[in-house]
Amino acid sequence: MKFPPAAKSNRWFLWMAVYGVSLWLLFIVHRFVMMAHSLDITLLLRFALFSIIVSGIVNVLGWFGARLLWLITTTGIIIGSVIMLSYTYREMSGWEDLAGFLAFFFFTCGGFALGLLAESIRLLVKHWPKA
C-alpha cells in the first residue's frame, strides 16, 4: 500500500492537520451552511476539538504503522459523512442534525473497530510461526 505514508514518517503530521481541518470544515458546512443554523463560536470550537481528537487518534496510529486501520477508519468516516450530509434534507421533525451526527459517529467507530480487527489479523498472520 503506497498511498498512506510509511510508518514513522513526518508526513503523517501534515496529514493529521489536513485531516483535522477537513473534518472541521465538513461539520461547519453541515451545521451552518446546509442546515442554516446561526453561527455559534462554542459549537465551532467543539467541532474543532472533536476533529483534532479523531484526526489525532487515526493519524498517530498510522504513524505507528497501522496503515490498514487508517484506511478502513477513513473509509468509515467518508461513508458516515455521506450519510450525515444526506440526512440533512430528510424530514425528521428537527432531528436531522442529531441523526446525521450519530450516523457519522456510528460509521466512524465501526470503521475504527473493523480497522483494529484487520490490523490484528494482519499481525497474527505476519507473526504466525512457520511450520
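Report follows, based on the coordinates. (Residues numbered from 1 in each chain as written. Predicted model: local features only at pLDDT ≥ 70, side-chain atom pairs only at ≥ 80, totals over all residues. Heavy atoms only, no water.)

Considering helix H4 (residues 96-126)
No. 1: In this model, H4 (31 residues) spans 44 Å end to end at C-alpha, consistent with the 45 Å of a helix rising 1.5 Å per residue.
No. 2: Tucked inside the fold, the buried residues of H4 contact helix H1 (11-34), helix H2 (41-63) and helix H3 (67-86). (Helix = DSSP H or I, 4+ residues; strand = E, 2+ residues; numbered from the N terminus. Expected span 1.5 Å × (residues − 1). Contact = heavy atoms within 4.5 Å.)

Some points on the packing of aromatic side chains
To describe a pair of aromatic rings, one takes the distance between the centres and the angle between the planes.
No. 1: Taken as a whole and assessed by the stated rule, the structure comprises 16 aromatic pairs.
No. 2: Measuring from centroid to centroid gives 6.4 Å for Phe50 and Phe105, while their planes differ by 45 degrees, and the two rings are tilted. In this pair, Phe50 is assigned in helix H2 and Phe105 in helix H4, connecting sequence segments 55 residues apart.
No. 3: Among the residues examined, Phe105 registers a relative accessible area of 39% and is labelled partly exposed.
No. 4: Of the aromatic side chains, those joined through ring pairs into one cluster are Phe27, Phe32, Phe47, Phe50, Phe101, Phe104 and Phe105. (Phe/Tyr/Trp six-rings, centres within 6.5 Å; stacked < 30°, edge-to-face > 60°. Buried < 20%, exposed > 50% of the residue type's maximum accessible area, 1.4 Å probe, protein only.)

Overview of the packing of H1 against H4
No. 1: The N-to-C vectors of H1 and H4 enclose an angle of 155 degrees; their axes lie 11 Å apart at closest approach. The angle between H1 and H4 falls in the class roughly antiparallel. Considering only the axes of H1 and H4, their crossing is right-handed. Mapping the contact onto sequence places Leu23, Leu26, Phe27, His30 and Arg31 in H1 and Asp97, Phe101 and Phe104 in H4.
No. 2: Its residues placed into classes, the contact of H1 with H4 shows five nonpolar, one polar and two charged. (Axes fitted to C-alpha atoms, helices over the stretch in contact; angles between N-to-C directions. Parallel < 35°, antiparallel > 145°, perpendicular 65-115°, else oblique. Left-handed = near helix turned anticlockwise from the far one by under 90°. Nonpolar A, V, L, I, M, F, W, Y, C, P; charged D, E, K, R; others polar.)

Here we look at the pattern of salt bridges
No. 1: What the rule picks out here adds up to two salt bridges.
No. 2: Between Glu119 and Arg122 there is a salt bridge; the shortest N-O distance is 2.9 Å. Pair noted here: Glu119 and Arg122 are both in helix H4, with a separation of three residues, about one helical turn.
No. 3: We classify Glu119 as buried; its relative accessible area is 6%. (Salt bridge = Lys/Arg side-chain N within 4 Å of Asp/Glu carboxyl O.)

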